Amino acid sequence: MYTWFWVRSSIPRRLWSKCMDYKVTENGAAVWYKLVGDNELPLKGRCAKDKPLFYEGMLVVPDNATAKKVPSVEGMMIYRKDNNKLYVQGDKKLNALAEEKKIISILDKDIAELESKFDRFNHTLGNKMRLIHSRDISASTILKGEPESFLKQLKRWFSFNKLTCCWRATLDGWDSRIFHERCDQRGKTITLVKVGKYIFGGYSTYYWG
């Protein structure tokens with residue numbers, strides 16, 4: 001019976017360091033701090049720029065030469081600072097996943113499209129709100145969808161050049177006091193009522209109130 005074993009002669013050398021740096025303003029001046037390894041206390045200074053740095057599951061390397069020194073661990077995420085690209089380690093090579101400029105370009109395009117849709121929505125909504133609050137008879141919700149000849153016929157019957165809405169129950173409220181506040185002493189009036197698909201109403205030559 002044979003038993004084989006081997007003894008490591010030295011501790012394996014780490015090929016990257018766990019380091020993250022950030023900048024703060026102190027007394028009006030920019031100061032860099034870094035978190036190294038598992039140390040929770042920040043140290044002044046920046047992480048080494050010429051070495052791979054480990055950022056919580058992702059390696060950040062300065063260039064392609066440094067990226068080639070990283071062990072081929074399949075699935076490892078690597079970000080190259082020189083070309084702003086994100087890679088994932090495949091079976092035999094690094095595969096580019098995304099490029100910062102392209103992502104920003106796509107995001108800018110999506111944002112511009114959303115802004116355009118929002119502007120169109122605001123424009124449409126503004127027109128509808130102006131129509132709702134308009135006091136011109138052409139904005140009547142009762143006459144909406146009716147032929148233009150319907151309104152023209154009303155004007156011919158009652159010899160009105162312009163019809164102005166003094167009260168709309170769905171907008172002003174159904175209280176009769178509101179009706180009289182808005183329509184008393186306004187002159188001749190036409191009342192339009194819609195129930196289901198039927199439109200009817202009345203005409204008064206006398207003032208209200």
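Just so we're clear, the structure is a prediction, and the values are computed from it rather than from any experiment.

K.L.:
Is there a simple way to explain unusual backbone geometry in this structure?
P.N.:
Where the residue is not glycine, phi is negative for most of them; where a peptide bond is considered, it is trans in most cases. At asparagine 27, a residue that is not glycine, the phi angle is positive and equals roughly 55°. Structurally, the position occupied by asparagine 27 is in the loop between β1 (17-26) and β2 (29-36). A relative accessible area of 84% places asparagine 27 in the exposed class. Of note in the backbone geometry, asparagine 84 takes a positive phi value of approximately 55° without being a glycine. Tracing the sequence through the fold places asparagine 84 in the loop between β6 (77-80) and β7 (85-89).

K.L.:
Where do I start with helix α5 (residues 176-183) in this structure?
P.N.:
Its side-chain oxygen 2.9 Å from the backbone nitrogen of arginine 177, aspartate 175 forms the N-cap of α5. Backbone geometry just after α5 places glutamine 185 at a positive phi near 60°.

K.L.:
Explain the pattern of salt bridges here, please?
P.N.:
Pairing of side chains with opposite charge becomes possible as their charged atoms draw close. Inspection of every chain in the model, using the stated rule, returns 4 salt bridges. Glutamate 113 is paired through a salt bridge with lysine 117; the nearest N and O atoms lie 3.7 Å apart. In this pair, glutamate 113 and lysine 117 both sit in helix α2 (residues 100-133), 4 residues apart, roughly one turn of the helix. Relative accessible area serves as the criterion here: at 43%, lysine 117 is assigned to the partly exposed category. Linking aspartate 175 and arginine 177 is a salt bridge whose minimum nitrogen-to-oxygen distance equals 3.0 Å.

Cut-offs applied
- Residues numbered from 1 in each chain as written.
- Predicted model: local features only at pLDDT ≥ 70, side-chain atom pairs only at ≥ 80, totals over all residues.
- Heavy atoms only, no water.
- Helix = DSSP H or I, 4+ residues; strand = E, 2+ residues; numbered from the N terminus.
- Buried < 20%, exposed > 50% of the residue type's maximum accessible area, 1.4 Å probe, protein only.
- Polar contact = N/O pair within 3.5 Å; in protein donor to acceptor, adjacent residues only side chain to side chain.
- Salt bridge = Lys/Arg side-chain N within 4 Å of Asp/Glu carboxyl O.

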